[in-house]
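Residue-level listing of the chains:
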Amino acid sequence: TNNTNNVNNTNNITSLSFTSLTFNVGNPNDEDEYYPLRMKNVEYQTYMASVIQGMAPDVVVLQEVLSGKTCEAFTETDPALTCYEWDVADPPARRLLGPDYTIVCDGREQVECIGIHVTFGTIEGVGAGEYVEDGALTPSLPLPGCNWAAGGCTNDLCDDESTVSAVTVNTLAGPIRVVHMHPMAQVSATVAGDPCRALQIRQVFEDDVVSGEPALVTTGQAALILGDWNLGLEVYDLRTMFQPSDADDVWAQYIDCPQCLYTNLDPKNDSGERYSTTSNLSGLGQVIAIDHVVTTRNITGTCTVHDEGGMPGTDPLDAAYPGLSSLGSDERIDHYGISCNLTLTPAQ
């Protein structure tokens, strides 16, 4: 990995440098009977695995990962598709990250996965290099559940798949709380999903959003909070176009204000605008920055959005895939990955 340490002695870590990646690996094809919003092409999956493993991030969070719950609903007979022999093959998160990661996924639908490189640290309660399908701490949905794909979601409900989850990673410089974000998305022009999304973001910072459940991060804890927040924060954000956004207000309460304990590392252009993290394939156009990296103030660094036509010198992580021209546009990943070079400075 890119992990390097500055060490005075074995008991005094002055700083810990590490890398991270957040990447929504789903696609916009919600009408596929068997693979809605999921990577179905084995060759494409294998290529993306080579890219991610080549980057070797110390911390990686993947959204919209294919889960066994999808594959067990039917029998795939085509070896070119990702559910083929799913019960004996490595789970998709393992296929993408390879053998050098400890991996846990969310406790609800197992589509949001966290990987920690074995050379960087260990996930508390999980053996190094293990895969635990539902091993991440996953709070309850703050509103009654619904199934987005089945068309059953309203603004009074939470999509069953939406989630925030967390692990504690023990490193040479002490523990880091890694929080994986993928709260409820916009469903339609009339269902913005904002009430659920706002509550799910509150679950990161506040106790008792669901009675008896603690916040995912606590004051004084080093934390890396990253993923697909479904939160645009800018005037062009669909949520603020259709209705006031309570989720935006939660962000403003906890992140980037003078008294806030948390700061965001979103790269911005010379005009102060965030680079888009969704591609034209999403149907939204290259105007929406909804993936974010947030840290406590003792974790600093810089991030790169791997986009096209936006951040200078970058390309989408699948840009060199040899079969890109023959891959259906609705099968291609529709988010841009965000990688970061970070440094943790432990409290002395």
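Please read all numbers here as calculations on a predicted model, not as lab measurements.

So, about unusual backbone geometry. Residues other than glycine predominantly adopt negative phi, and peptide bonds predominantly adopt the trans conformation. A positive phi angle, near 50 degrees, is found at Ala56, a position not held by glycine. Taking the relative accessible area as the measure of exposure, Ala56 reaches 14% and is therefore buried. Positioned with a positive phi, Asp256 is a non-glycine residue whose angle comes to about 70 degrees. With respect to the element layout, Asp256 can be found in the loop between helix H6 (246–254) and strand E13 (262–264). Using a relative accessible area of 37% as the deciding quantity, one classes Asp256 as partly exposed.

With that out of the way, let us pick up the pairing of strand E3 (residues 59–63). The element E3 is extensively covered by neighbouring structure, given that five of its five residues are classed as buried. Residues Val59, Val61 and Gln63 line one face of E3 and the alternating positions Val60 and Leu62 line the opposite face, and both faces are buried. As defined by bridge partners, strand E2 (residues 12–24) adjoins E3 across five bridges and the pair is classed as parallel. Across the sheet, the residue bridging to Leu21 is Val60, located in E3. Alignment of E3 against strand E5 (residues 113–117), held across four bridges, turns out to be antiparallel. Paired with Leu62 across the two strands is Cys113, which belongs to E5.

This paragraph deals with the state of the cysteines. Per the stated rule, a full pass over the model turns up six disulfides. Between the sulfur atoms of Cys146 and its disulfide mate Cys153 the distance is 2.1 Å. Handedness here is read from the sign of the S-S torsion; for Cys146 and Cys153, about 100 degrees, the answer is right-handed. Summarising the burial analysis for this pair, Cys146 and Cys153 share the class buried. A disulfide bridge connects Cys158 with Cys196, and the sulfur atoms are separated by 2.0 Å. In this structure, the disulfide formed by Cys158 and Cys196 twists by about 115 degrees around the S-S bond and is classed as right-handed. Of this pair, Cys158 sits in strand E9 (residues 158–159) while Cys196 sits in helix H4 (residues 194–205); the two residues are 38 residues apart in sequence, bridging distant segments of the chain. Exposure class is identical for Cys158 and Cys196. Each is buried.

Conventions used here
- Here, residues in each chain are numbered from 1, in the same order as that chain's written sequence.
- It should be noted that, the model being predicted, local features are given only for residues of pLDDT at least 70 and side-chain atom pairs only at 80 or more, the latter also being counted only at that level, while totals for whole chains, interfaces and linings use all residues.
- Neither water nor hydrogens contribute to the side-chain values; these are computed over all heavy atoms in the structure.
- The buried label goes to any residue with under 20% of its type's maximum accessible area, the exposed label to any with over 50%, and the partly exposed label to all in between, with areas taken from a 1.4 Å probe on protein chains only.
- Numbered from the N terminus, helices here are DSSP runs of H or I no shorter than four residues, and strands are runs of E no shorter than two.
- Two strands pair under a simple rule: DSSP has to find at least two bridges between them.
- Pairs of cysteine sulfur atoms within 2.5 Å are identified as disulfides in what follows.

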